[in-house]
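Examining the three-dimensional arrangement
For reference, the chains in residue letters:
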Amino acid sequence: MTSAPDTLELEVHDLEVQVLTGIYSEETHLPQPLRISLTVLLDAPAHYTPDTPLSASKNYLDLKLAATDALSTAGHFTLIEAVADHIADTLFLQDQRVRRVKVKIVKLAIAEAGEAIGITLVRHRR
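First, a word on scope: everything that follows refers to the structure included in this document. (Residues numbered from 1 in each chain as written. Predicted model: local features only at pLDDT ≥ 70, side-chain atom pairs only at ≥ 80, totals over all residues. Heavy atoms only, no water.)

The antiparallel open sheet is built from four strands, whose spatial order is β1-β2-β3-β4. Two strands bound the open sheet, and with one partner strand each, they are β1 (7–19) and β4 (118–124). Ignoring strand direction, the axes of neighbouring strands in this sheet form an average angle of 15°. Bridge count between β1 and strand β2 (residues 32–43): 11 bridges; the pairing is antiparallel. Residue glutamine 18 lies in a different strand from β2, and its bridge partner there is proline 33. Each of β1 and β2 is contacted by helix α2 (residues 60–67), which is oriented at about 35° to β1, the strand it contacts most. Lying over the sheet, helix α4 (residues 80–94) contacts β1, β2, β3 (98–107) and β4, oriented at roughly 150° with respect to β3. (Pairing = 2+ DSSP bridges. Helix = DSSP H or I, 4+ residues; strand = E, 2+ residues; numbered from the N terminus. Axes fitted to C-alpha atoms, helices over the stretch in contact; angles between N-to-C directions. Contact = heavy atoms within 4.5 Å.)

Below, the structure is given as structure tokens:
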């Protein structure tokens, strides 16, 4: 019986980012506030020891930058699904160990009573 490979999930949650997104004219000229959360599944080594170097994992800041700096230069996104795909593509390109990226995006501007309205996209390395 073959055992499943060991994995590590890195998480960055509740980043508030201003992104040019939307389909309506009132949405397309100004950035909208989005709350973005990421979970990235990586291949993991057999064991972590007290002196295991960072290269055995992934820097959490890479996740944050994929949802902030990488978006700021990408231009306008019609759909927030495209925002999620851009983040996933960025993370897949950064590191071959990334197996899965889960991106949750909440559109803060459309909430009327504190509800979370948005999407969750899960992409697997192909």
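Once the structure has been displayed, the description carries forward.
Once that is clear, we can look at the pattern of salt bridges. One side chain can pair with another of opposite charge once the charged atoms of both are near each other. Scanning the entire structure with this criterion turns up seven salt bridges. Measuring nitrogen to oxygen at the nearest pair gives 3.3 Å for the salt bridge that ties glutamate 9 to arginine 100. A residue pair is termed long-range when its members are at least 10 positions apart, and glutamate 9 in strand β1 and arginine 100 in strand β3 qualify at 91 residues. Relative accessible area serves as the criterion here: at 43%, glutamate 9 is assigned to the partly exposed category. The residue aspartate 95 makes a salt bridge to lysine 58 at a minimum N-O spacing of 3.9 Å. Here the residue aspartate 95 occupies a position in the loop between α4 and β3, and lysine 58 occupies one in the loop between β2 and α2, the gap between them amounting to 37 residues. Take aspartate 95 and lysine 58: they sit in the same class, and that class is buried. Connected via shared salt-bridge partners are Lys58, Asp62, Asp95 and Arg97. (Salt bridge = Lys/Arg side-chain N within 4 Å of Asp/Glu carboxyl O. Buried < 20%, exposed > 50% of the residue type's maximum accessible area, 1.4 Å probe, protein only.)

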